[in-house]
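Topology and contacts: notes
Each chain, written out:
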Amino acid sequence: MTTTQWHQRAAALGIDGRAFIGGERVWARSERQFDNRSPVDGRQLGFVARCDGADVDAAVAAARAAFEDRRWAGQAPAARKRTMIKFADLILAHADELALLETLDMGKPIKYSQSVDVPAAANCIRWYGEAVDKIYDQIAPTADTSLALVTREPVGVVAAIVPWNYPMIMAAWKIAPALAAGNSVILKPSEKSPLTALRLAEIALEAGLPAGVFNVVPGYGAEAGAALALHMDVDCIGFTGSTNVGKQILQMAGQSNLKRAWTELGGKSANIVCADCPDLDAAVSAAIGSIYFNQGESCNAPSRLFVEASIKDAFLEKALALVPDFAPGDPLDEATVMGAIVDAAQMKTVMGYIEQGKQAGARLLAGGAAARLDSGGFYIAPTLFDRVDGSMSIAREEIFGPVLSVLAFTDIDDAVRQANATRYGLQAAVWTADLSKAIKTARALRAGTVHVNQYDGDDITVPFGGVKQSGNGRDKSLHAFDKYTELKTTWIQIG
Ligand code: NAD
């Protein structure tokens, strides 16, 4: 589609900001709404229900009723599978609409909403649907006189609280395993990007998911989010977001009913390029492409780049040649690879870090300024700092914007020491032709995922999550079922 056609579709789009509770679109009981503006051009998209505790109570009651009467949990896994697959098919049938909503709501290029976000969300839902009738329970190896069954049961009512950077994918990573396992779900999308979540709930209903099984309560974190985290009748919370809010979620779980709380949190991932890197061009391309993808608003963005001192100049020369390719453009232009920052607040945060980097004495080699100032939206030029040291805030804190910090190292032990000197532990990478060095480094790096000679390894079949203050638990893969199921042991006496 041409850029003009996308803009015409955007202008004609009707936005329904009502919550989705018990199979119906409803406004918040308080009748309060919040303004939903697009970071693409600052245009108002519409109003969204500002749910609070009363709406959360209604959603939890609907989810609990659906769980207790087993309208979904009681269906055979093969039947749930069919619904999940239909749900995935319908997402693909609405691909253009969902991609457009995602781009308008959070600013990412339409090219990636179409080629990454929509297909990945559909694939995730399909994958867990396909998996659920292929998983067997266990019989424990006990004595002849008894039979001990080890079975998995759905946890019950699951609350999913998700961020704005990949709204549909983050939602799918939670709701797909939770629903496939037979739970009822309440999804709280970010107040910055609620639109696709609301459409997903309608599409799920159309696919045959019974009313009440999947509810969506848009609203602010301190209102709708906290009401879910503190709720006495929510059995499990799947949270993705910042480390600071993740800590609050764990506290709220402890303050209330000790609900299971899973937290997928922030990152400051280290990308280590050794002098014996087998393909410097590939390393440069991955380093630059991965930090600027999604405007740098990715939890696993390799925002700390460690380059062995002897090759740093050569590396930077190649890197700087690629940076202009990521100049922000109109997100509704299919040629654009970097879009808008999600909102004014995030823009201010990122610009603040850039200023701190300059003040601290890092060398600004690219970007460092706002872009597309006449668009009405929020854009930042791809930014690269050299001569960063580990004490600077741009090396320590998650910026969540298109800002790369380059640090030097002397040998691999120095690189590992610097890479691990962070509170985060989401992902890391090492580039070397030496197999032993690669394996030793991968073992030494404290991260949930380590890449060797690449950075884009990603598949629904592998777990995703972090260590340290990047959180607990894992999304994706069959391991995600661990979060949304309880193990039950049943002892049967044999007479
Ligand atoms: P955030 O923590 O501000 O918000 C995340 C969600 O929590 C939102 O829905 C928000 O409304 C809600 N929330 C906020 N305060 C709350 C409260 N007091 N109680 C309950 N809910 C509350 O994070 P964000 O800015 O939306 O997202 C960016 C963060 O998410 C980054 O730190 C990023 O690294 C992280 N993230 C992690 C992963 C992962 O898999 N580890 C994936 C994507 C994003």
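Anyway, here's the lowdown on the structure attached to this text. Counting of residues starts from 1 at the beginning of each chain's written sequence and follows it residue by residue. The predicted origin of the model limits local features to residues at a pLDDT of at least 70 and limits the giving and counting of side-chain atom pairs to 80 or more, whereas totals for whole chains, interfaces and linings rest on all residues. Excluded from the side-chain calculations are hydrogens and water; all other atoms, namely the structure's heavy atoms, are used.

**Section: the pattern of salt bridges**
We count a salt bridge whenever a side-chain nitrogen from Lys or Arg sits within 4 Å of a carboxyl oxygen from Asp or Glu. For the coordinates displayed, the defined rule picks out 35 salt bridges. When the shortest N-O distance is used, the salt bridge between Asp133 and Lys134 registers 2.8 Å. Exposure remark for Lys134: the relative accessible area of 51% places this residue in the exposed category. Several salt bridges converge on common partners, so that one network encompasses Asp16, Arg18, Arg25, Glu97, Arg199 and Glu202. Partly exposed residues are those whose accessible area sits between 20% and 50% of the maximum for their type, while under 20% is buried and over 50% is exposed, using a 1.4 Å probe and protein chains only.

**Examining the sheet that holds strand E6 (residues 146–154)**
By way of backbone hydrogen bonds, the strands of a sheet pair with one another, either parallel or antiparallel. In this description, strands pair whenever DSSP reports at least two bridges between them. Numbering of helices and strands starts at the N terminus; helices are DSSP runs of H or I of at least 4 residues and strands are runs of E of at least 2. The antiparallel open sheet is built from three strands, whose spatial order is E5-E6-E19. Where the open sheet ends on each side, the last strands, each with one partner, are strand E5 (138–139) and strand E19 (485–493). Where E5 meets E6, two bridges bridge the pair, whose relative direction is antiparallel. Bridge pairing in E6 links Gln138 to Val150.

**Some points on the site of the ligand**
Proximity criterion: a residue is near a molecule or strand once any of its heavy atoms comes within 4 Å of it. Close to the ligand lie 29 residues; Val162, Lys188, Glu191, Ser242 and Glu398 are nearest. Whenever two N or O atoms come within 3.5 Å, that pair is a polar contact, provided that in protein one can donate a hydrogen and the other can accept it, and provided that, for residues adjacent in sequence, both atoms are side-chain atoms. A distance of 2.8 Å separates an oxygen atom of the ligand from a polar atom in the backbone of Val162. At 2.5 Å from an oxygen atom of the ligand is found a side-chain nitrogen or oxygen belonging to Glu398. Accessibility throughout is a Shrake-Rupley quantity obtained with a 1.4 Å probe, and a residue counts as covered only by protein chains that appear here. For the ligand, the accessible surface in isolation is 850 Å², of which the surrounding protein chains cover 90%. Counting residues per element, the ones that place at least two in the shell around the ligand are helix H8 (221–230), strand E10 (236–240) and helix H9 (243–255). Considering each element in turn, the shell around the ligand owes the most residues, four residues, to H9. Along the lines of polarity and charge, the residues of the shell around the ligand split into 16 nonpolar, nine polar and four charged. In this count, Pro and Cys sit with the nonpolar residues alongside Ala, Val, Leu, Ile, Met, Phe, Trp and Tyr, while Asp, Glu, Lys and Arg are called charged and the others, Gly among them, polar.

**Concerning the pairing of strand E8 (residues 184–188)**
Across the five residues of E8, five count as buried, placing the element largely inside the fold. Going residue by residue along E8, you find Ser184, Ile186 and Lys188 tucked away on one face and Val185 and Leu187 tucked away on the opposite face as well. Across five bridges, strand E7 (residues 157–161) lies against E8 in parallel orientation. Of the residues in E8, the one forming a bridge with Ala160 is Leu187. We call a crossover right-handed when, viewed with the strands running away from us, the connection from the first strand over the helix to the second turns clockwise. Between the parallel pair E7 and E8, the chain is carried across by helix H6 (residues 167–180), and the sense of this crossover is right-handed. For the crossover that starts at E8, traverses helix H7 (residues 195–207) and ends in the parallel strand E9 (residues 214–216), the hand is right-handed.

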